[in-house]
Each structure stands twice: as structure tokens, then as C-alpha cells.
Amino acid sequence: MKHILCFGDSNTYGFNPHGGRYDDNTRWTRVLARLLGSGYLILEEGLNSRTTALDDPYEPYRNAMDYIVPCLQTHAPLDLTILMLGTNDLKVYFQPSVEKINSRLRRLTEVILDVSMAPVLLVSPVHLGESAPEDPCAFLYPPHSVEVSHTLGPVLKQTAGELGVPFLDASGYVDPDPFDHVHLSPESHHLLAEAFAGKIKEIGI
């Protein structure tokens, strides 16, 4: 049986922008498990507000770099880690830039490769949508954050190539829910699961 770790933030956790958490029939991680079948064990490690390697002054214990090694050791042995982070690094108080987010994701990918000794699928997260001032997440993700989110894909693709790991740009398959312009709709969860299933088969896991 192949063991696949899905390591990410609220869009891996299955946060529902209208309240609560999506159920097992909706979250992309669970949909992926059904698509791949009995030969795969999908391990869910999504956490709301998780960053790549930043300490959030408003939400503690969200720094992926602090948690990734014990997480990998808990779930060992692994055949693949799907790494989809970066959205929370775009929050305005982190003063986001493509260069800084790429650097942190590069380092996180290197740590996963070293500790797990298994491939990493590096994922560029879904683009942020353009928010109106009254939208739920508009104060966290102003226009500059949205702009940075739209430029991450090509940079992360290059990093993946330099590290020799497969890459997927989630924004090529789904858009965020227009309610908050950050989190995924049920339909997007299903579409993303299909994209991941195809990529996993493509890379031969």
C-alpha cells in the first residue's frame, strides 16, 4: 500500500468558508482517497492558518517548519508528500513577497526530501481572488497579497525543477469560493482531487 501525506493549510483541512469543515464526501483529501482506491492510504495533515516557516502573532503553533519533522516521523514510511502551503504567508502583516515565500517553500521541500527519503509534490496554492472591502478576508489579503499570489506559480515551478521534484499549480484547476476569495468550494475540492489523482499516476506513485 502506498502512503501519501497531504500537508497543508485550511484548504487541505477542508475549511468551509460558510462555516465549519467540509465532510468526508467533500474534502479533496478524502475524494482523492476514493479516486485512488484501496492501494493507497491518504494521510490528512491540514491545519487552518498554517504558514511555511513563520510564527503568526495572532495564531500560535502554525509554523510548518516547527512541526514537519515529527509529522514525517509519525507517518513514516511515506511514498509521497503533497506540499500545498503559501496562502497564509500572503497575509498583509507578513509583508509578503514571491522571493520570500519561494525561499521558505524551497527549504521546507528540502527538509521533507531529507527526512522522508521520498518524493515531494510541490504545489503552488490557489490564487487569491479580488476582494471587496466588506468581504470576510479582505483585511488580511489586500491587493498586493492578491498580486503576489498570482505570480507564485512560475517561480515555484522553477524551484521544483531545480530540486528535481514534481510540480502542480492548483490555480490551473480551481478558483477560490467567491464568498471569501481564499477557500475552496465543494466543486473545487472535487476538481483538485482529480488533478492530484492524475498527477500521482503520472509520476508513478
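In the block above lies the structure referred to throughout.
First, a word on what this report is: a plain description of the structure on this page. For clarity, every value in this text was computed on a predicted model and none was experimentally measured.

Summing up its helical and strand segments, the chain has seven helices and five strands in all. Taking 205 residues into account, the globule formula puts the C-alpha radius of gyration at 17 Å, and the chain, at 16 Å, falls close to it. For the chain, the proportion of its 205 residues judged to be buried stands at 56%. Total accessible area computed for the chain in this model is approximately 9,000 Å², and 53% of it derives from carbon and sulfur atoms. Of the side chains in the chain, 15 bear a positive and 26 a negative charge, and the two mean positions are spaced by 7 Å.

This brings us to the packing of aromatic side chains. For the coordinates displayed, the defined rule picks out four aromatic pairs. Residues tryptophan 28 and phenylalanine 196 carry aromatic rings whose centres are separated by 4.6 Å and whose planes lie at 40° to one another, so their mutual orientation is tilted. Of this pair, tryptophan 28 sits in helix α2 (residues 28–36) while phenylalanine 196 sits in helix α7 (residues 186–202), and the two are 168 residues apart along the sequence. The interplanar angle of 70° and the centroid separation of 5.0 Å between the aromatic rings of tyrosine 58 and tyrosine 93 together place this pair among those described as edge-to-face. Placement of tyrosine 58 in the loop between β2 (40–46) and α3 (64–75) and of tyrosine 93 in the loop between β3 (80–84) and α4 (98–116) is noted, with a sequence separation of 35 residues between them. For tyrosine 58, a relative accessible area of 62% translates into the label exposed. Accessibility expressed as a relative area gives 29% for tyrosine 93, which makes it partly exposed. Just above the ring of tyrosine 13 sits the side chain of arginine 21; from NZ or CZ to the centre is 4.1 Å.

So, about the side chain of threonine 52. When you line up the elements, threonine 52 lands in the loop between β2 and α3. There is a polar contact of 2.5 Å between the side chain of threonine 52 and the side chain of aspartate 89. Within the structure, threonine 52 has its side chain in polar contact with the side chain of arginine 104 (distance 3.1 Å). In contact with threonine 52, not counting residues within four places along its chain, are Asn63, Ala64, Met65, Leu85, Gly86, Asp89, Arg104, Leu105 and Leu108.

Procedures and definitions
Residues numbered from 1 in each chain as written. Predicted model: local features only at pLDDT ≥ 70, side-chain atom pairs only at ≥ 80, totals over all residues. Heavy atoms only, no water. Helix = DSSP H or I, 4+ residues; strand = E, 2+ residues; numbered from the N terminus. Rg over C-alpha atoms; globule rule 2.2 N^0.38 Å. Buried < 20%, exposed > 50% of the residue type's maximum accessible area, 1.4 Å probe, protein only. Areas by Shrake-Rupley, 256 points an atom, 1.4 Å probe, with all protein chains shown as cover. Lys, Arg positive; Asp, Glu negative; His and termini not counted. Charge placed at Lys NZ, Arg CZ, Asp CG, Glu CD. Phe/Tyr/Trp six-rings, centres within 6.5 Å; stacked < 30°, edge-to-face > 60°. Lys NZ or Arg CZ within 6 Å of the ring centre and 35° of its normal. Polar contact = N/O pair within 3.5 Å; in protein donor to acceptor, adjacent residues only side chain to side chain. Contact = heavy atoms within 4.5 Å.

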